[in-house]
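# Descriptive analysis of the structure
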Amino acid sequence: MKNLELWHVNVRNLVTNSEDQLATFCYGHGEGNFTGELYSCSHNLIVSNFDEDGAVKWTKDLNELASPENSPVNVTYLSLSNALCVGLANGELYTISELGTSCELAGVCQAGLLAMEWSPDQELLVLVTKDMNTILMSCTFDPIHETTILDHEFGEKQFITVGWGKKETQFHGSEGKQAAKLKTEISGDVDANNAVKISWRGDGNLYAIGFLMDGIRRFKVFDREGHLQYTSEKQPGLEANLSWRPSGNVIATTQKINDNYVVAFFEKNGLKHGGFDIPVDAQTEVQDLAWSSDSEIIALQCYNKGTSSHSLLLFTTGNYHWYLKQTLTFNSYQKISKIIWDNDFEVANNKKLHLVLSNGQHYTYSWIWNINHSRGKCSNDDAVVVVIDGKKALATGFRQTVVPPPMASLEIESNSSVNSVHFAPDKKDDNDHDPNTFFVCTTDNKLQFYRQTEKFPLKYELFKTLTLEKYNFPFQYYNWFWLNTDTIICSEVDNNNSYFISEYNIKSGEITKINTESLPEPVVRIEPHPNESSAAYLQLINGDIMLYTLGGSMEPQDVSFSVACPTFNVINVSDEIHFLSLTHKGTLYLDDEKILNNVSSFFVHTHFLLLTTLQHVLLCVELTPSGLNALKVYQKNESSDVYKRKIERGAKLVIAVPNETRTVFQMPRGNLEGIQPRPLSLKIIGEYLDNCKYYEAFDLMRKQRINLNLMYDHDPEKFEKSIDIFLEAIQNNTWLSLFLSDLENADVTKSMYSSSYVDKKGEKRDSSSKIQRICETIRTHLMKRPDKDTKILPIITTYVKMNNVEALESALTVIKDLKTKETSSKLPVSSDEALKYLLYMVDVNQLFDVALGMYDFDLVLLVANKSQKDPKEYVPMLNEFNGMEENYKRFSINKLLKRFTRAVECLAKCGQDKNDELKTFVKYHSLYREALRLFTNGDAIYNEIAEDFGLHLRLQKQYTEAGIIYERANNIEKAIECYKDALEWELVVKLLCTRSKDEQSIVCWELANGLKDEKRHGEGLTLLEQFCNDKAEIVKYAIESRQFKSALRLCSMYKLSELKDDQLLPAVMEEYTNLQELIERNWGTFTKHRDRLFIVRETKRNAPEIDISYANKDSDLYSDAGSTVASSNSRSSGRTFRSSKNRRKHERKVASLKEGSQYEDVALVMALHNLITSTFELRLQARELNTALSCLNKDHEAFLLQKCLEKLLKEMKDSFKDIWTNELVIEATNAAIAALNVPEGCSVLPQGIGSLEPHMRIAPIIQDISWKLDGLN
């Protein structure tokens, strides 16, 4: 679908003497010379070197050295040695170097030379002498091999036949068997050209020599050592032209067969392999042909004997068809001397063609691929693409159809060859041309304008033809561009290589030049201004961009590309102009910033930018500031804002239909593929939904398999308000049911389609009840419609989608109503159809159970008839149910359906006869609460169920709840027992009010002892004070509970002062001794662990570094020393701990304080943390004890205890920074993070320091409390 478009034309006038008739030429790139230079040798043996301006750089006269009556055969520039090699007809080989000052005779062939050619790598030289011998020489002119080319030997790779495939055994169709006996004799042509041609394959491993033998043109193929490999088959009408395609698959020559003039292709084995016709008349002959260095273009140099004029035909291939892409016709006085394709390694020069005329003019034409398509951005643009094929313009409208090349929707034929195609600008008002209108520029200096008359099938008509002024050389006027309705502009170059931009008015039916402005550099691309129809952006060959306004105003832009880009586009994003360009090497620029590499093509859609990459991926971003920013950072950080999908290898963008989803790619072979990228579809769907075009949106979503939840999630409020419009648009019941069945309680704009709804990321929307809300709304509106009888199936779908038993019962009720109405009138949807439809969505067994649960046996039978159930099973069951009392029948049904709560309700209604069964059923299914709600406290059955419930709760050790249930059942004894077990002494006291004092005292002491065991000393003491009379025992209880202040209070209140000295003081002193010993013991343990921790750390810090490979972990998260090293290098670093036994074993291993153990430092930190925490918790206990000591006149002991604890706490607090260092905190945190980075599904315990709990990675957090008695200091 691409055309060969002129990128740049350069004109040089070679400065030569009139006596020097140039004969042979070559083009070469010297060291440090990127533009290349032309070399020539004239018939009088004057060798010249021309610079880029056509001036003579140096010359060398070979007449002084060469033999008389000589002529040049070949000139080749040798880039490796920076020398020029000249071969003469008498056999001399000269090398000229150092700007012509050094000339050496490299060798002489005594027999003379007919042809010579260097290999592509310039390491080998092939010569053909006048005695028809071929000589292969090295780059130092040493002979390698010599052989004759006139022998009849086929070559080393001669075919071997075993009799298969003989002509006699083949099918000959209508010709019959006699065709097998015919012998085709190929006779020689006495007028055949006897010129010898040499052509190398691109890789330099093979070369072919064409020659005349016995009046027949043939060629032979030799390998790199000069050995004959193949000889071509005899073919009539072959000409002397010979060129091996650089890619190596075919050898091209020309052939006349009867009245056909063709380019014939041969394989390397000499067998013919296809070709194509040359569209010329009988008076035209092909004088030469040449392949471009990338093998994509073959150039044919033609000469017309009738008009004495030269022309150049450029052919390319696609999908096995050869297209005539360009025709360069020269004036009669312009004779082509040589055509040369540039051999530079620069990608931009792959298609640069040099033409040298006999009058000394040197033209350089650089070509690029370009897709000529319509430029509209709205729906009236049919995405028309025009392909040039000689006189034909092949047009295809991709909005209607995708036609694979070489076919097309329409063939438009002109009187002369088409060189370029140019489309009209986008239509802004009614007076503008349709964007599908285009004009073609032909070789006879005419602009032919075509407009579309029918979209499908595609038709065009010629409505205007304009004649241009005669050119001095082909493509003197190029880069035509249709700027607005009445104006076209183009680039122009004169004979002095000066460049201009010209404006033409085409309004009056004639073309009139209205303005011409000179340019500092040649224009290579022209793109329209996105907002102004009278302005365009010009990209110059040096990468600069200029804004050109009609009238000749040119304004340089701040943006400039480092190199000129063959693909160039101007876009408007949020009222800002941006420049997009793609270089020959696949670098994408946004303005002057390089944002992506390895891009093969891009296309600007109405709302999106589409890209293809060399990784065979399609990228798509919305044309918004956020989209462009996401594309800028894509190579560093792939974003969900950039849509990505894989495409076929080598696919490139052809076109994306404006305001549509179809995107067309062309494969390397030439075939087309159309896809519909998801972002384009979502954008179009969004526009449809915004305009309430629900039918169009639904149709597109269904075709593209897009989740139908988007119909609602795109704009929930609008959808709910427009529900009637939606139902009116979606008349198809199948579509409506499909929408309902696709509903989910999720917002797809925040999940699968979030990249197309970036602006909604911050919105919070509750989707938990979306299905229920939509189903109820649609059902309500459907029921109000006059055609509700036709919407039965969607109504049933709304019930099914709600996914609960009540909704299914409603659905069955609808079907039952249909069954009832069918008897009196014919309905649009029968009950049978509705039931079948319901069974598609709901399992028949589930539906059978629902119908049975409705207690409607007619409905049950209706469902059962549609199932695979055996009537022998369900009919007896139904009969059995019919024989039961109504409530007991319902109980039996609910029991069968495992609806036990309803079963209890039904069984409770059966009366007292069924109480035993009720109790058994409730007890078996633990439905006590449900059963109790059905009865009152006075009922006997209530008390019986409550007794069972209480026992059940006691077995579950829920004593408080059991006590409450017993109390409700008036079983006070069991209630007290349960409360006692729960230590709910207030509730026990509440029930003991009516009991005797002694009984109350006994129960209270039992409760108090239980509270003491649970260390609820204060509550136990309160209980005894209120309900017990033995004051001495109460004081003893307070002393045993270590409630010293309460004991002092009770001794004073009860006037039991003797107990102070006998029991209270000894108990306080015992507590003092125990606490003092605990403090001293903690102090010793703390000092020991702290000092040991410092030693362990110092040892590991001084240990030699160990090279550790961290499997599946980030080594940057680990320090070079410490527990992390040991843990990561341990044998168990990759083990999982699935059983609790192994887990406990691992925890004991980590917490081991054994000296020299693997995790000793970790265990020490854990032990110190626990020790410090427990020590600081002694502060309140010490305050209580000191208060009691002071009250008992033991001030000295109180002082010692407070001082000792104070010193220990200060010592611990001062050591925090030494124990929990910054390195420890960071290392432990990073190690714990690294331990989490394990493959999904694995269960790996953190190792070493990573196993520390978060609160142990830092020093203990100590709350300041007032615990000291200042009077003791």
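Residues numbered from 1 in each chain as written. Predicted model: local features only at pLDDT ≥ 70, side-chain atom pairs only at ≥ 80, totals over all residues. Heavy atoms only, no water.

Each helix and strand in the protein chain was counted, giving 34 helices and 55 strands. By the compact-globule yardstick of 33 Å for 1273 residues, the protein chain is too spread out, its C-alpha radius of gyration being 50 Å. Seen through its C-alpha atoms, the protein chain measures out along the principal axes to roughly 155 × 100 × 75 Å. Residues counted as buried form 50% of the 1273 residues belonging to the protein chain. Sequence-distant contacts in the protein chain: of pairs separated by 6 or more residues, those separated by 24 or more amount to 50%. (Helix = DSSP H or I, 4+ residues; strand = E, 2+ residues; numbered from the N terminus. Rg over C-alpha atoms; globule rule 2.2 N^0.38 Å. Buried < 20%, exposed > 50% of the residue type's maximum accessible area, 1.4 Å probe, protein only. Contact = heavy atoms within 4.5 Å.)

Moving on to the packing of aromatic side chains. With the rule as written, the count across this model stands at 45 aromatic pairs. Note on Y39 and Y77: the rings are 5.1 Å apart at their centroids and 10 degrees apart in plane angle, and the pair reads as stacked. With Y39 in strand β3 (residues 37-42) and Y77 in strand β6 (residues 72-78), the pair connects residues that are 38 residues apart, well separated along the chain. For the pair Y39 and Y77, one class covers both residues: buried. By the ring-pair criterion, three or more aromatic residues cluster together here, those being F265, F276, W291, F315 and W322. In this arrangement the basic side chain of K256 is found over the ring face of Y261, its NZ or CZ atom lying 5.0 Å from the centre. One residue, K470, lies across the ring of Y471, its end atom 4.6 Å from the ring centre. (Phe/Tyr/Trp six-rings, centres within 6.5 Å; stacked < 30°, edge-to-face > 60°. Lys NZ or Arg CZ within 6 Å of the ring centre and 35° of its normal.)

This brings us to the environment of R899. If you trace the backbone, R899 turns up in the loop between α15 (886-896) and α16 (900-908). On the accessibility criterion, R899 (17% relative accessible area) is buried. Sequence separation of R899 and L934 is 35 residues, and the distance between their C-alpha atoms is 16 Å. Contact partners of R899, with chain neighbours within four places excluded, come to V805, E809, G853, Y855 and N894.

A separate point is the sheet that holds strand β1 (residues 3-13). The four strands are arranged β1-β28-β27-β26 in an open sheet whose pairing can be described as antiparallel. Each edge of the open sheet carries a strand with a single partner, namely β1 and β26 (336-341). Averaged over all pairs of adjacent strands, the angle between their axes in this sheet comes to 20 degrees, without regard to strand direction. As judged from the five bridges shared by β26 and strand β27 (residues 352-357), these two strands associate in the antiparallel manner. The residue of β27 that forms the bridge with I339 is L355. (Pairing = 2+ DSSP bridges. Axes fitted to C-alpha atoms, helices over the stretch in contact; angles between N-to-C directions.)

For strand β42 (residues 535-540), the buried fraction is high: six of the six residues fall into the buried class. Strand direction decides the pairing type here: strand β41 (residues 523-528) and β42, joined by five bridges, are antiparallel. By the bridge assignment, E527 is partnered in β42 with Y537. Hairpin connection of β41 to β42: six residues between the antiparallel strands. Note: β42 against strand β43 (residues 544-549), five bridges, orientation antiparallel. Pairing of A535 across the sheet is with T549, part of β43. Between β42 and the antiparallel strand that follows it, β43, lie three residues; G543 among them carries a positive phi value of about 95 degrees.

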